[in-house]
Amino acid sequence: MYDTIYLLVKATIQTRHKNVHEAITEIQQKATCTISNTKKVKIHELKFMDYKLKS
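Not measured: the values here are computed from a predicted model.

Cut-off values and rules
- Residues numbered from 1 in each chain as written.
- Predicted model: local features only at pLDDT ≥ 70, side-chain atom pairs only at ≥ 80, totals over all residues.
- Heavy atoms only, no water.
- Helix = DSSP H or I, 4+ residues; strand = E, 2+ residues; numbered from the N terminus.
- Rg over C-alpha atoms; globule rule 2.2 N^0.38 Å.
- Buried < 20%, exposed > 50% of the residue type's maximum accessible area, 1.4 Å probe, protein only.
- 1 Å grid on protein atoms, 1.4 Å probe; cavity = no way out; pocket = protein on both sides within 12 Å on 5 of 7 lines; lining within 4 Å.
- Points joined across faces, edges and corners; volume = space filled by probe spheres on them.
- Nonpolar A, V, L, I, M, F, W, Y, C, P; charged D, E, K, R; others polar.
- Patch = residues over 30% accessible without salt bridge, like charges linked within 9 Å, V, L, I, M, F, W, Y side chains within 5 Å.
- Areas by Shrake-Rupley, 256 points an atom, 1.4 Å probe, with all protein chains shown as cover.
- Salt bridge = Lys/Arg side-chain N within 4 Å of Asp/Glu carboxyl O.

The helix and strand tally for the protein chain stands at one helix and zero strands. The C-alpha atoms of the protein chain give a radius of gyration of 15 Å, which is well past the 10 Å a tight globule of 55 residues would have. Counting only C-alpha atoms and orienting by the principal axes, one finds that the protein chain spans roughly 45 × 20 × 15 Å. Expressed as a percentage of its 55 residues, the buried residues of the protein chain come to 2%.

Here it is, written out as structure tokens:
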């Protein structure tokens, strides 16, 4: 069976950016993540979803 699930990540940050949106954009561009298969679950596709920021 194939299905889609959404996993949330909580990150506490300290930044020198004057605008938190710049920090979020930087994290989105540089972040990496490892989620491994288990005995009963095989990861088919994994990607970061863009966080839509208001300009």
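Here the idea is plain: a probe the size of a water molecule rolls over the atoms and shows the empty space left. The calculated volume of the largest pocket comes to roughly 1600 Å³. Around the largest pocket, the lining comprises 33 residues; the ones closest to its centre are Ile5, Tyr6, Leu7, Leu46 and Lys47. Its residues assigned to classes, the lining of the largest pocket comprises 20 nonpolar, six polar and seven charged.

What follows covers a nonpolar patch on the surface. Together, Ile5, Leu7, Ile35 and Leu46 make up an exposed nonpolar region whose accessible area comes to about 400 Å². Following the sequence through the fold, Leu46 ends up in the segment after helix H1 (20-30). You can call Leu46 partly exposed: its relative accessible area is 45%.

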